[in-house]
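# Examination of the molecular architecture
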Amino acid sequence: MGNLRGLSVFIVLTLAVFTSARPKSGPNQKCKSGPVDLVFLIDSSRSVRPHEFETMRKFLIDILDTLDIGLDTTRVGVVQYSSQVRSEFSLKTHSKLENMVKAINEIVPLAQGTMTGLAIRYLMNEAFSPGQGDRPKVPNVAVIVTDGRPQDRVAEVAAEARERGIEIYAVGVARADMTSLRAMASPPFEDHVFLVERFDLIYQFGLQFQDKLCGIDLCLESDHGCEHLCESSPGSFTCHCLPGYRLNADGKTCSAIDLCAERKHDCQQICISSPGSFTCDCNQGYHLNDDKKTCSPIDLCAEGKHDCDQVCVNMGPGVFTCDCKKGYRLNEDEKSCSAIDLCAEGKHDCEQICISAPGVFTCDCNKGFKLNRDKRTCTNMDMCNTVKHGCDYQCVNSPGSYHCICPEGQLLQDDGKTCGTCKSANIDLVLLIDGSKSVRPQNFELVKKFVNQVVDSLDVSAHGTRVGLVQYSSRVRTEFPLNMYHTAEDIKAAVMKVDYMEKGTMTGLALKHMLEYSFSEAEGARPASRNIPRIGLVFTDGRSQDDISEYAKKAKEAGITMYAVGVGKAVEDELREIASDPVEKHFYYTTDFSAINTIADNLKLNVCPAESQGEVEVKDPCACENLVEFQQATMNSLDQFTQKHILSK
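First, a word on what this report is: a plain description of the structure on this page. Quantities reported herein were computed from a predicted structural model and do not represent experimental measurements.

## A look at the overall build of the protein chain
Across its full length, the protein chain carries 16 helices and 32 strands. For the protein chain, buried positions account for 44% of its 649 residues. Taken as a whole, the protein chain presents about 33800 Å² of accessible surface, with 51% of it coming from carbon and sulfur.

Structure, rendered in structure tokens:
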């Protein structure tokens, strides 16, 4: 059996050798197409049976036999592909037909998949490259022969190849997919897409391809169907239109370009179209201006053919109406004009005095009043003497308003009129809490409880105490401004939702933020004229990583009473620099976070010393003495700041 099988293989191979494709004998008419760089891309996937591949081999040789092969005429390259791509010979490899035939007969099919997209990319990047023999300014023509559906994407790479100037013919056999063939081929498809049922019919494409490639002028020798102009190219033609016309979707007929209908004109009134161009005209009663686009009416006013007192308005050809200048109105005769007295007619908005001019007016004020910037209303410049101000101590005039002040040692109360020795729980308080990495999450929760203990001791309301919270580490974040919450419950709930920031300790940056933003009226701080004490409380557990001196000083200069509370590794020198004078009464320190509730308990004392007696049971006599002094000094500083700013107004 083994000897019989070997003999069978030998016979098959012998037949293959003797039946391999050979060039036609005898003289043939060679194709004189001019220089062309031609590459055949042949599918050698496993679906192509051996006898079918032999038919395709013969098909290649038959086409080559009709071409004028040479390095200066037609250059030919052959590439086969399946799951991979292999160049059998390039455009520069052979200059003689017999050498090409020998190389084609020696091709061994790859017999794998059908990666047509991969093969087209090789064709574009390698086969038609100068290194492989591609010549500049010589047409590139590719013939793709396949029997199946591509296993990869072909549309995009084929489009790219066509954009690079490669003319692609797509030849499908048997199982080939027409959609894929059209995606690969150059337009028009009727000239570049061929589909035959069997490999033995592939010669039909060969005959048509020879006709197209061999320089036949299809414009002269075929019924091209172009309505206007036909332009020949090797094996194909393109229809064009005369100026003023565009090619229709059928690629052959032409339609006049109506710029008027397409509104691609700038005529003011009438557009007159001709193919690809237009001229402008005007409606009856108008004439075309020198710009040949716009129109002007026949103007009786301009010609002086009217009897208007002041203004003639042209309403159209031969028509006009009369009008008046600004400040005048047209009389019943519709020709003459009379001045408009807006003051006499009550058509003004002057608060006190109206001064008339034709059609306009200006406002003025009575003695003792000043005209405001709106040029309409007036401001009483001495309201303290003209209204019942109700000030308990002294009334101070300001433009269009007034405010009350109190004697030294007393503070203006919430009603803005009465004076008292204290403003109980009526402050703007901003707490700066250290959220640096050294605090640690569990201690940060204690800090939040500390803040809420302070809040519990305050009379929080929109008109009483306002509280804002700022957290800082390597950056600064306003957790909520002074004007966000107006009840202790809302503030405490917001505090417990604050997220721990971690990272560094930029206390100086936090002080800057507090001064420039937290105590601004935009974030809820009440105007300085209200004399509401502004208090800043800094809570930190370590040394600042930036300079605190500048903004600690500026905060105190701005009238903010500063308290410094330190814990753990907080630096006493920094706390003292932050705290207001007397320093000993404005900073507090403890070594342990667990003890900060003691500070909160002590800070429950009221801002007013006289009202704070007996409110807190202080267990440590030393702490009691210091805390009372702390609170008294705070109020003294606030009173001094208040009186200083009141007297400076």
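## Considering the sheet that holds strand β27 (residues 428-434)
Spatially, the six strands line up as an open sheet ordered β29-β28-β27-β30-β31-β32, and their pairing is mixed. A strand with exactly one partner marks an edge of an open sheet, and here the two such strands are β29 (476-480) and β32 (587-590). Across the sheet, the mean angle separating the axes of adjacent strands is 20° when strand polarity is ignored. Direction of pairing for strand β28 (residues 466-472) relative to β29: antiparallel, over a ladder of four bridges.

## Details of the pairing of strand β5 (residues 166-173)
Within β5, eight of the eight residues are buried, which leaves the element mostly enclosed by the surrounding structure. Because side chains alternate across β5, one face comprises the buried residues I166, I168, A170 and G172, and the other comprises E167, Y169, V171 and V173, equally buried. Here strand β4 (residues 140-146) pairs with β5 via seven bridges, running parallel. Of the residues in β5, the one forming a bridge with T146 is G172. Each parallel crossover has a hand, and for β4 linked through helix α5 (residues 155-163) to β5 it is right-handed.

## Considerations on the state of the cysteines
Applying the stated rule across the entire model yields 13 disulfides. Between C267 and C280 runs a disulfide, and the two sulfur atoms are separated by 1.9 Å. Negative torsions about the S-S bond denote left-handed disulfides, and the value of about -80° found for C267 with C280 makes this one left-handed. Placement of the pair is C267 in the loop between β10 (254-256) and β11 (270-274) and C280 in strand β12 (residues 277-281), with a sequence separation of 13 residues. By relative accessible area, which is 10% here, C267 ends up buried.

Cut-offs used in this document
Residues numbered from 1 in each chain as written. Predicted model: local features only at pLDDT ≥ 70, side-chain atom pairs only at ≥ 80, totals over all residues. Heavy atoms only, no water. Helix = DSSP H or I, 4+ residues; strand = E, 2+ residues; numbered from the N terminus. Buried < 20%, exposed > 50% of the residue type's maximum accessible area, 1.4 Å probe, protein only. Areas by Shrake-Rupley, 256 points an atom, 1.4 Å probe, with all protein chains shown as cover. Pairing = 2+ DSSP bridges. Axes fitted to C-alpha atoms, helices over the stretch in contact; angles between N-to-C directions. Right-handed = clockwise from strand over helix to strand, strands pointing away. Disulfide = S-S within 2.5 Å.

Interpretation note: all reported values are geometric properties and have no functional meaning in isolation.
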